[in-house]
Amino acid sequence: TDPRAEVARLAADLRAALERHARAGRWSAPGGASPRSAPSMVEAAVMHPAPDAAVERPDVGELPGPRVRLSLAEVRAELGECTRCKLHATRKTIVFGAGSPQAPLMFVGEAPGADEDRTGEPFVGKAGELLDKMIEAMGFARGDVYIANVLKCRPPGNRNPQPDEVASCGGFLDAQITAVAPRLLVALGRPAANTLLGVDAPISALRGRFHDRRGLRVMPTFHPAYLLREPDRKRDAWSDLKQVMAELERLGVGPIRAK
């Protein structure tokens, strides 16, 4: 590894972490500790990367995010019964994520809805049923991939995530991505795509091509809830997913089940 590139990457990770905490106005810590509390394990992984601590999987290449790689169970334990933002006051259940901890493909949505808030599972309502069909059409089962959201708690009325909420949850999404180490990411909808890519752009301007996120390729596409409202765009979403399938095959990751 080029030492200069490594230093630049570590500096970018630290800068992103500091910006998240500045926007939130505090250091996130289990149980909503005071701003002067020590950083959590998740934050320490971002702020103080240990170059030799990453657990490499064969042929994965450079992992995104922090180089201290926590397991999904450790990330969930750090999240705890989170009170880091205002959403804890209105949620019923934390919706962490679901799927294979070694998934080659990861889907990221924006936030839980009412069904997810009730069950604690991501994408279980009508939009989740459509996502399951999309995953199956790609040759995978729901349990073969990993599914998460930018936010772990439902925003009231299913409104879009707000900046302070994204800042509070961002480190945990980064840690989930690092724990799973997928070969590709699919961003479902504008909020998820903008958060993952650090941009502010409509999904129509982002979809249809891969984007880079710290060496990990991301395909933005329409959220299943949008596709339920605008079924004519399903063809565009399928075109995006076909690119994902082709790239997975190029990487030597074929579908688990025949299409």
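Keep in mind the model is a prediction, meaning the values are calculated, not measured. (Residues numbered from 1 in each chain as written. Predicted model: local features only at pLDDT ≥ 70, side-chain atom pairs only at ≥ 80, totals over all residues. Heavy atoms only, no water.)

Novice: Even after reading the chapter, I still don't get the overall build of the protein, so can you show me in this structure?
Specialist: When helices and strands are counted, the protein shows 10 helices and six strands. For the protein, restricting intrachain contacts to residue pairs at least 6 apart in sequence, the fraction spanning at least 24 positions comes to 69%. (Helix = DSSP H or I, 4+ residues; strand = E, 2+ residues; numbered from the N terminus. Contact = heavy atoms within 4.5 Å.)

Novice: What exactly am I supposed to notice about the pattern of salt bridges here?
Specialist: When charged atoms on two side chains of opposite charge get close, those side chains can pair. Summed over all chains, the structure comprises 12 salt bridges. Here D164 makes a salt bridge to K86, at a shortest N to O gap of 2.8 Å. Of the two residues, D164 is situated in helix α6 (residues 163-180) and K86 in the loop between α3 (72-79) and β1 (98-99); the sequence distance between them amounts to 78 residues. D164 sits in the partly exposed class, given a relative accessible area of 29%. Residue K86 is classed as partly exposed on the basis of its relative accessible area, which comes to 38%. Linked through salt bridges whose partners overlap, the residues forming this network are K86, R159, D164 and E165. (Salt bridge = Lys/Arg side-chain N within 4 Å of Asp/Glu carboxyl O. Buried < 20%, exposed > 50% of the residue type's maximum accessible area, 1.4 Å probe, protein only.)

Novice: Explain the nonpolar core to me, please; I cannot follow it from the model alone.
Specialist: Side chains of nonpolar character tend, in soluble globular proteins, to be buried together. If you look at the biggest cluster of nonpolar residues, it comprises 61 residues, and the most contacted ones within it are L105, F107 and V244. Top contributing element to this core by residue count: α6, with eight residues. (Core = buried A, V, L, I, M, F, W, Y, C linked by side-chain atoms within 4.5 Å.)

Keep in mind these numbers describe shape, not what the thing actually does.
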